[in-house]
Amino acid sequence: MSEETQYTTPPPPPPPTASAPAQSSEMDQRNWAMFTHLSALLGLVSGLGFILGPLVLWLIKKEQMPLVNEAGKEAVNFQLTMLIAFLVSWVLVFLLIGFLLIPLVVVFDVVMSIIAAVQTSNGTRYRYPLTIRFIN
């Protein structure tokens, strides 16, 4: 067997074209939208951060990711609504009703934010209940 087998390497793949801007994947959009909802929970620890977290993420990513644009508006609207509910509950402390309402508002905020994050990560567009739509 005097025949020698020659191995050749395949040609390199063509370089990517730069004609179209890179679109973010569906999974990236879902993750950023989920973080938009979850950032409100981190903000509950720091005071007004529960509005600032979703607002900042929404403002940064709204032009690049349509899903984050929608989720961000929804999260900011909900957190503004929860701020109003908390302020009304705080005023009602003087009538002794607020002592019951403040924990309910906080629990409702946490539970709805978690539900929104899970639904968004599963690909479902979530709309918060009992929300005033300040931003359309």
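Residues numbered from 1 in each chain as written. Predicted model: local features only at pLDDT ≥ 70, side-chain atom pairs only at ≥ 80, totals over all residues. Heavy atoms only, no water.

Visitor: Could you give me a rundown of the side chain of Lys-61, with the residues and numbers involved?
Guide: Topologically, Lys-61 is positioned in helix H2 (residues 49–61). For the buried residue Lys-61, which engages in no salt bridge, the nearest side chain bearing the opposite charge is Asp-28, 8.3 Å off. (Helix = DSSP H or I, 4+ residues; strand = E, 2+ residues; numbered from the N terminus. Buried < 20%, exposed > 50% of the residue type's maximum accessible area, 1.4 Å probe, protein only. Lys, Arg positive; Asp, Glu negative; His and termini not counted. Salt bridge = Lys/Arg side-chain N within 4 Å of Asp/Glu carboxyl O.)

Visitor: Please provide a residue-by-residue account of the pattern of salt bridges, values included.
Guide: Pairs may arise between side chains of opposite charge once their charged atoms sit close together. Under the criterion given, the structure shown has four salt bridges. Glu-26 is the partner of Arg-30 in a salt bridge, and the nearest nitrogen-oxygen pair spans 3.7 Å. Of this pair, Arg-30 and Glu-26 both sit in helix H1 (residues 26–45), four residues apart, which is roughly one turn of that helix. Judged by its relative accessible area of 24%, Arg-30 is partly exposed.

Visitor: Any chance you could break down the packing of aromatic side chains for me, citing the residues and the numbers?
Guide: Applying the stated rule across the entire model yields four aromatic pairs. Consider the rings of Tyr-126 and Tyr-128, whose centres lie 5.4 Å apart with planes at 85°: the pair is edge-to-face. Given the relative accessible area of 18%, Tyr-126 is considered buried. Ring pairing ties together the aromatic residues Phe-78, Phe-108, Tyr-126 and Tyr-128, which thus form one cluster. If you follow Lys-62 out to its NZ or CZ, it ends over the ring of Trp-58, 4.7 Å from the centre. (Phe/Tyr/Trp six-rings, centres within 6.5 Å; stacked < 30°, edge-to-face > 60°. Lys NZ or Arg CZ within 6 Å of the ring centre and 35° of its normal.)

Visitor: So what about the nonpolar core? Which residues, and what values?
Guide: Judged by nonpolar contacts, Ala-75, Phe-78, Met-82, Val-105, Met-112, Ala-116, Tyr-126 and Tyr-128 together constitute the single largest core of eight residues. Listed by contribution, the elements that provide at least two residues to this core are helix H3 (66–91) and helix H4 (98–121). If we skip the residues at most four places from it in the chain, Ala-75 touches Thr-36, His-37, Pro-54 and Tyr-128. One finds Ala-33, Met-65, Leu-67 and Val-68 within the second-largest nonpolar core, a separate group that totals five residues. (Core = buried A, V, L, I, M, F, W, Y, C linked by side-chain atoms within 4.5 Å. Contact = heavy atoms within 4.5 Å.)

Visitor: Describe in detail unusual backbone geometry, supporting the description with residues and values.
Guide: Its identity is not glycine, yet Leu-96 carries a phi of approximately 70°, on the positive side. Its place among the elements puts Leu-96 in the loop between H3 and H4. The phi dihedral of Leu-130 is positive, around 55°, even though this residue is not glycine. Within the secondary structure layout, Leu-130 lies in the segment after H4. Since its relative accessible area comes to 69%, Leu-130 is described here as exposed.

Visitor: Quick one: what's the story with the packing of H2 against H3, residue by residue and with numbers?
Guide: One way to put it is that H2 packs onto H3 with a least axis distance of 9 Å and a crossing angle of 160°. Between H2 and H3, the crossing angle belongs to the class labelled roughly antiparallel. Like other packed secondary-structure pairs, H2 and H3 cross with a definite hand, here left-handed. Between H2, through Phe-50, Ile-51, Pro-54, Leu-55, Leu-57, Trp-58 and Lys-61, and H3, the contact on the second element is made entirely by Val-68, Asn-69, Gly-72, Lys-73, Ala-75, Val-76, Gln-79, Leu-80 and Leu-83. (Axes fitted to C-alpha atoms, helices over the stretch in contact; angles between N-to-C directions. Parallel < 35°, antiparallel > 145°, perpendicular 65-115°, else oblique. Left-handed = near helix turned anticlockwise from the far one by under 90°.)

Visitor: Go over the packing of H1 against H3 with me, naming the residues and quoting the values.
Guide: Two numbers describe how H1 lies on H3: the axes approach to 8 Å, and their chain directions differ by 10°. It follows that H1 is roughly parallel to H3 by the angle criterion. Judged by residue contacts, Glu-26, Gln-29, Arg-30, Trp-32, Ala-33, Thr-36, His-37 and Ala-40 of H1 engage Pro-66, Leu-67, Val-68, Ala-71, Gly-72, Ala-75 and Gln-79 from H3. Residues that form the contact of H1 with H3 fall into these classes: eight nonpolar, five polar and two charged. (Nonpolar A, V, L, I, M, F, W, Y, C, P; charged D, E, K, R; others polar.)

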